[in-house]
Amino acid sequence: MSGTILIKDATVVTANSRNEIIKGGSVLIENGEIVDVGKRIQANAEFVIDGKDRVVFPGLVNTHVHLAQGILRGLVPDNVALIEWLKDYVWPLQGSMTEEIMDISTKLTLLEMINTGTSSFVATSINARYNVDRTVENVYKSGMRAAIGKQVMDTPGYADKPQILHQGLVEDAETSFKIYEQMYGKWHGRDNRIWMWFSPRTPGAVSDELFRRIADTVREHGSGVTMHLAEVRDDIRYFAGRGKSPGKFLKDLGMVGRNYVYVHGVWLNYDDMEIFAKSGTSVSHNPSSNSKLGSGIAPVTKMIKNGVNVTIGTDGAPSNDDYDLIREMKLALLLQKVNDLNPQAISVLDMIKIATINGAWSMGIENFTGSIEKGKRADIAVFNMRAPHLVPPVAPVSNLIYSGTGMDCTDLIVDGRFLKRDGKVVTVDENEVYEKSGKLAAELLSRANLKEWM
Ligand SMILES: [Zn+2]
């Protein structure tokens, strides 16, 4: 389905440079391109969406997604801190995954993202054991856009803890690079929807030499990097041991710039923010994950004030537990207001940009997506406001962000193609996910020698 589409008389959130919201606005799409945006557009379209009681958003951009963790939802207790959470649960589970389990985990995660209005995402930590080619193929078939980070590492450590990683997740640098190169050759740039990136495991699992090799390859290939950074206070010990802050450490290795998306950044300092702002390095803010693991509140308002491109991500199911960016936006707003003891700290208008155009910019795709503007590709999420939690329709965009969920999404269009139509996801088989996920999650628990925790 990629004919002419007209969305009529809706509240249109453009996320353009003036951050305009057009009430009674329409959007006309031809051959996957937005050809007109504004009031009173008349056209004979193959598909017409009546925009009465609808808010139309640019497709949301999730800059931190673990595809391997969709199937980990509910498998990890909700009262453990990051290192124990990783070492005793998440790593044994991911290190025991089979290709079949990864296949359904990927489909489950894609299904939820499409269902809740996300059009583009950054995938992190794709391990060799997951069958990387099959994983990328699943993403491609879903119709979404994604920068997919191949895990790279040469030491089984985390921060200042050597030899901590689960054996099932250990890779050597040559294997990591070989798979990246193969996937880069096969998929990078495909249909302007798939890009192969690097996902260095974490500082402490990657040598300086390997970081430099990654940075050189990124420059040569025009690809990108995503990595967890300064997530918990203890992480800073590793950098202190190297005599540097996280930003300075990365800058000295050439690991900053456009298409570098560092995740969490809860414990970044002002020098780090300046380095990231000057180099065009982005930060992915993951408020649910940081809250559930007790990691802290990222200094989002300070990063924005200092010129850092801040984006938003859900992280994975064991730390969120959902992949729903509408819910994530609300928590991001509330946490900054409470952290700064200031209701003016951040607004719904700021959050619109963070969840759309800033995310697209961090992926290097802002010239053709991330906003609803003439000439851009049609990546659009439509939300139904005719629901008890979303009326009265006076400030519908605020209502959606503060009172809505991604489940209010009725239609998702990516590149002019419906991935969700009239409330139903059409590019991922939801019945397969429902039929297989419970059985495979139980199998994964037993493979990892773990039990149900409640
Ligand atoms: Zn993560």
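Being a predicted model, the structure only gives us computed values, none of them experimental.

### What about helix H12 (residues 348–355)?
Point 1. Listing the buried residues of H12 in full gives Val348, Met351, Ile352, Ile354 and Ala355. Along H12, the residues classed as buried sweep out an arc of 165 degrees about the axis, all on the same side.
Point 2. One side-chain oxygen of the residue at the start of H12 lies 3.2 Å from the amide nitrogen of Leu349, identifying that residue as Ser347.

### Here we look at the domain arrangement of the chain
Point 1. As far as domains go, the chain holds domain 1 (5–59 + 371–425) and domain 2 (60–362).
Point 2. The distance between the C-alpha centroids of domain 1 and domain 2 comes to 28 Å.
Point 3. Contacts between the two partners involve 32 residues from domain 1, matched on the other side by 30 residues from domain 2.
Point 4. With both sides pooled, the region where domain 1 packs onto domain 2 buries about 2500 Å², and carbon together with sulfur makes up 66% of that total.
Point 5. Run the count over domain 1 and domain 2 and you get two salt bridges.

### Overview of the pattern of salt bridges
Point 1. Summed over all chains, the structure comprises 32 salt bridges.
Point 2. For Glu430, the salt bridge goes to Lys424, with nearest N and O atoms at 2.8 Å.
Point 3. On the basis of relative accessible area, Glu430 is assigned to the partly exposed category, the value being 21%.
Point 4. Residues joined by salt bridges that share partners form a network here, namely Asp103, Lys107, Arg134, Glu432 and Lys436.

### Structural notes on the coordination of the zinc ion
Point 1. Coordination of the zinc ion by the protein involves His64 (NE2), His66 (NE2), His228 (NE2) and Asp315 (OD), with metal-donor separations of 2.1 to 2.3 Å.
Point 2. Here the zinc ion is ringed by four donor atoms whose angles at the metal span 87 to 174 degrees, and the overall shape comes out irregular.
Point 3. Taken in chain order, the donor set of the zinc ion reads H-x1-H-x161-H-x86-D. Here His64 is found in strand E6 (residues 60–65), whereas its partner His228 is found in strand E10 (residues 225–229), with 164 residues between them in sequence.
Point 4. For His228, a relative accessible area of 14% puts it in the buried group.

### Some thoughts on the environment of Asp78
Point 1. Topologically, Asp78 is positioned in the loop between E6 and helix H1 (82–94).
Point 2. Taking the relative accessible area as the measure of exposure, Asp78 reaches 48% and is therefore partly exposed.
Point 3. Separated by 331 residues in the primary sequence, Asp78 and Cys409 place their C-alpha atoms 28 Å from one another.
Point 4. Contact partners of Asp78, with chain neighbours within four places excluded, come to Lys292 and Trp453.

### A few points about the side chain of Thr63
Point 1. Residue position: Thr63 is located in strand E6.
Point 2. Looking at Thr63, its side chain comes within polar contact range of the side chain of Thr311, at 2.7 Å.
Point 3. Once you skip the residues sitting within four places of it in the chain, Thr63 turns out to touch Val122, Val261, Ser284, Thr311, Ile312, Gly313, Gly359 and Ser362.

### Remarks on the side chain of Asn399
Point 1. Along the chain, Asn399 falls in helix H14 (residues 396–403).
Point 2. Leave out the neighbours within four places in its chain, and Asn399 touches Met385, Leu390, Val391, Pro392 and Gly404.

### A closer look at the packing of helix H11 (residues 325–339) against H14
Point 1. As a packed pair, H11 and H14 sit with axes 7 Å apart at the nearest point and diverge in direction by 90 degrees. Classified by the angle between their axes, H11 and H14 sit roughly perpendicular to one another. Along its contact with H11, which presents Ile326, Met329, Lys330, Leu333, Leu334 and Lys337, the element H14 presents Leu400, Ile401 and Tyr402.
Point 2. Grouping the constituent residues of the contact of H11 with H14 by class yields seven nonpolar, no polar and two charged.

### Concerning H14
Given 3.6 residues to a turn, an α-helix orients residues that are three or four positions apart in the same direction.
Point 1. Along H14, the residues that are buried comprise Pro396, Val397, Asn399, Leu400 and Ile401.
Point 2. For H14, the elements touching its buried residues are strand E1 (5–13), strand E2 (21–30), strand E5 (54–58), H11, H12 and strand E14 (380–384).

### Some words on the packing of aromatic side chains
Point 1. Within the structure shown, the criterion is met by 14 aromatic pairs.
Point 2. Relative to Tyr158, the ring of Trp91 has its centre 6.3 Å away and its plane inclined at 55 degrees; by these criteria the two rings are tilted. Residue Trp91 is found in helix H1, and its partner Tyr158 is found in the loop between strand E8 (145–152) and helix H4 (173–187); the two are separated by 67 residues along the sequence.
Point 3. Assessed through its relative accessible area of 4%, Trp91 is described here as buried.
Point 4. Following the ring pairs from residue to residue traces out a cluster consisting of Phe177, Tyr180, Tyr184 and Phe198.
Point 5. The aromatic ring of Tyr140 is capped on one face by Arg190, whose charged end is 5.5 Å from the ring centroid.
Point 6. The ring centre of Trp361 lies 3.6 Å from the NZ or CZ of Arg258, which sits over that ring.

Rules used throughout
- Residues numbered from 1 in each chain as written.
- Predicted model: local features only at pLDDT ≥ 70, side-chain atom pairs only at ≥ 80, totals over all residues.
- Heavy atoms only, no water.
- Buried < 20%, exposed > 50% of the residue type's maximum accessible area, 1.4 Å probe, protein only.
- Helix = DSSP H or I, 4+ residues; strand = E, 2+ residues; numbered from the N terminus.
- Arc of directions from axis to C-beta.
- Polar contact = N/O pair within 3.5 Å; in protein donor to acceptor, adjacent residues only side chain to side chain.
- Domains from an automatic or database assignment.
- Contact = heavy atoms within 4.5 Å.
- Buried area = accessible area lost by both parts, 1.4 Å probe.
- Salt bridge = Lys/Arg side-chain N within 4 Å of Asp/Glu carboxyl O.
- Donors = N, O, S within 2.8 Å, 3.2 Å for Na, K, Ca; no water.
- Tetrahedral: all angles 85-135°; square planar, octahedral: opposite > 155°, others 65-115°.
- Axes fitted to C-alpha atoms, helices over the stretch in contact; angles between N-to-C directions.
- Parallel < 35°, antiparallel > 145°, perpendicular 65-115°, else oblique.
- Nonpolar A, V, L, I, M, F, W, Y, C, P; charged D, E, K, R; others polar.
- Phe/Tyr/Trp six-rings, centres within 6.5 Å; stacked < 30°, edge-to-face > 60°.
- Lys NZ or Arg CZ within 6 Å of the ring centre and 35° of its normal.

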